[in-house]
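Listed below are the residues making up each chain.
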There are 2 protein chains.
Amino acid sequence: MSRQSLAGQLSRCSINTATLGHRQPLETIIEQVASLGFGWIAPWRRELEGRAPLTIARQIRDAGLRVSSYCRSTYIPSSDARTFAANLDDNRRAIEQAAQLGAESFVMVVGGMPEGSRDLPGAREQVREGLASLLEHAQQMDLPLALEPLHPMYAADRSCLSTLAQALDLCEQLEPSDSRYLGVAVDAYHCWWDPDLHLQIARAGAQRRLLGLHVCDWLVPTRDLLLDRGMMGDGVIDLAGLRHAMEDAGYRGPVEVEIFSFNNWWQRDPLEVLHTCAERLQSHC
Amino acid sequence: MSRQSLAGQLSRCSINTATLGHRQPLETIIEQVASLGFGWIAPWRRELEGRAPLTIARQIRDAGLRVSSYCRSTYIPSSDARTFAANLDDNRRAIEQAAQLGAESFVMVVGGMPEGSRDLPGAREQVREGLASLLEHAQQMDLPLALEPLHPMYAADRSCLSTLAQALDLCEQLEPSDSRYLGVAVDAYHCWWDPDLHLQIARAGAQRRLLGLHVCDWLVPTRDLLLDRGMMGDGVIDLAGLRHAMEDAGYRGPVEVEIFSFNNWWQRDPLEVLHTCAERLQSHC
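All values derive from a computational prediction rather than experimental measurement.

Participant: Which residues make up the pattern of salt bridges, and what values go with them?
Facilitator: All names here are of chain A. Throughout the structure, instances matching the rule amount to 28 salt bridges over all chains. Salt-bridge contacts for Asp90 lead to Arg93; the nearest nitrogen and oxygen are separated by 3.1 Å. Note that Asp90 and Arg93 are positioned in helix H4 (residues 81–101) at a spacing of three residues, about one turn of the helix. A relative accessible area of 46% places Arg93 in the partly exposed class. In this structure, the salt-bridge partner of Arg243 is Glu247, at a minimum N-O distance of 2.8 Å. Of the two residues, Arg243 and Glu247 are both situated in helix H9 (residues 239–248); the distance of four residues between them amounts to about one turn of the helix. Note on Arg243: relative accessible area 2%, which makes it buried. Of the residues examined, Glu247 reaches a relative accessible area of 4% and is grouped as buried.

Here is the structure:
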């Protein structure tokens, strides 16, 4: 059991680049994140466009950083078979990029219902089928897939995978043995409310399926469903309690900050945001 | 098993008065709801202010309506014991009003964390303690309490009770025998996303704890966390599937429409709203 704070442990902390609002080239962000003393970074696919993943991987390594995760999957469900297949192909390419980057995992946000559909079980079945196929590719690439359940308010259009229990059921179905290539990313924002949270973290830990821990905060009031996430300490989530639960379950990986905040943090100077992340990770996580 | 539609069955349908935006006196609303052929109505406490519940009860009866539920509880958790006790007292008065109205149940929206708190388990413990006390009063008044789990996006400030499973666990703790005075209200908006939904409905039905079914729809996109709920058929919820699951589990009570829609339905003429509800209940639920 670990009950120590993250003070002085920024080397255990990661910055998910979405936190900075995708306003600068990835090369700049890498240097900024490294300069503040963070040990890890989590880039997004859009930031690699027009770049060679191996070149970026070298820059990240040379800056003294590691890649906590690579964000993120193309949504899987579709109303037609051709698009469903294309979605899987696109995810296979992303898994290759993640491997080239040396990422700890590829983050899977699985998608919701196809437009016009009310068939939630059908979307979930497509996700199951798609993941079964992608898992084979992940094994070939030696790159774990981290299923990220999203908050239930995204169940319609972003993720029909809404709880840790549901994600772990899927892991057990698709990869019954102790996990090698299928696990979960636990995001505080998406999971904090779940009465079953600590039980499911323990379950995931016992199966060695804890592949990531993302933090931000839930603001009261929350003014937008997608882009009003809070800086750690500005909201109501017991973030230290969550980290301790993860560590008690055996998680030893990085603590990754991911904040979507259009009207606040994305309007501020990136270095100010990074300084605030560093401070709040050490005081509130 | 019942697979018939609600066509021609408005006598099985209820209007929760929040659907009309609280813009008219309750006396007017009662007449309007009855004139459209609905069999039930669910008033809010604010509408009874300055009125004698027994007088309103008689008007409702005389209009040919019954009271599907009475909305709703004062939030239970508080940061101080005195306010906690006052919250319970206020709920006791409301339970008495519900009994005088002849309501099928009193709807319990339990509340979230006290302001400034990050202690979700603590709020849940206060809810458990408060409900244990209110249950005694409900038994004396012969008036069932319907726990309504709210969508997880309200976990911080409106309801630390977020899922049917959690509500049923609480019911079993507080009233271990087959339910007489403690059950659940299943609201499509709050529960539709839950991978465990049908299993928990069956569980509630087996314990005779299904006390209410509320319908509206989840819009894509949803523009406001509280006041952007949709008319049945305008969103993505499989409402007929939900009703069938309830009926398969033994539910025989009314289907109650409850729509919070500040920018759309609350701006329209109440009779237009009622006509639309009647049509959509018969075509989409």
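Participant: Residue-level account of the relation of the copies chain B and chain A, with values.
Facilitator: After a rotation of 180° and a shift along the axis of 0.0 Å, chain B superposes on chain A with an RMSD of 0.0 Å. Viewed as a symmetry operation, the transformation between the two copies matches a two-fold axis. The residues that chain B uses at the interface reappear at the interface of chain A in 100% of cases, marking a shared surface.

Participant: Quick one: what's the story with the packing of aromatic side chains, residue by residue and with numbers?
Facilitator: Taken as a whole, this structure holds eleven aromatic pairs over all chains when the rule is applied. Across from the ring centre of A:Phe260, 4.4 Å away, lies the NZ or CZ of A:Arg229, which sits over that ring.

Participant: Just give me the short version of the sheet that holds strand S3 (residues 66–67) of chain A, but keep the residues and values in it.
Facilitator: Paired through their backbone hydrogen bonds, the strands of a sheet run either parallel or antiparallel. All names here are of chain A. Taking strand neighbours across the sheet as the criterion, the eight strands line up as S3-S2-S1-S8-S7-S6-S5-S4 in an open arrangement whose pairing is parallel. Either end of the sheet is taken by a strand with one partner, and the two such strands are S3 and strand S4 (106–108). Pairing analysis gives four bridges linking strand S6 (residues 182–187) to strand S7 (residues 210–215), with the strands arranged parallel. From the neighbouring strand, Val186 faces S7, where its bridge partner is Leu213. Against the sheet, helix H6 (residues 164–174) makes contact with strand S5 (145–147) and S6, and its axis sits at roughly 170° relative to S6, the strand it touches most.

Scoring rules and cut-offs
- Residues numbered from 1 in each chain as written.
- Chains lettered and ligands numbered in written order.
- Predicted model: local features only at pLDDT ≥ 70, side-chain atom pairs only at ≥ 80, totals over all residues.
- Heavy atoms only, no water.
- Salt bridge = Lys/Arg side-chain N within 4 Å of Asp/Glu carboxyl O.
- Helix = DSSP H or I, 4+ residues; strand = E, 2+ residues; numbered from the N terminus.
- Buried < 20%, exposed > 50% of the residue type's maximum accessible area, 1.4 Å probe, protein only.
- Least-squares fit on C-alpha atoms with pLDDT ≥ 70 in both.
- Contact = heavy atoms within 4.5 Å.
- Phe/Tyr/Trp six-rings, centres within 6.5 Å; stacked < 30°, edge-to-face > 60°.
- Lys NZ or Arg CZ within 6 Å of the ring centre and 35° of its normal.
- Pairing = 2+ DSSP bridges.
- Axes fitted to C-alpha atoms, helices over the stretch in contact; angles between N-to-C directions.

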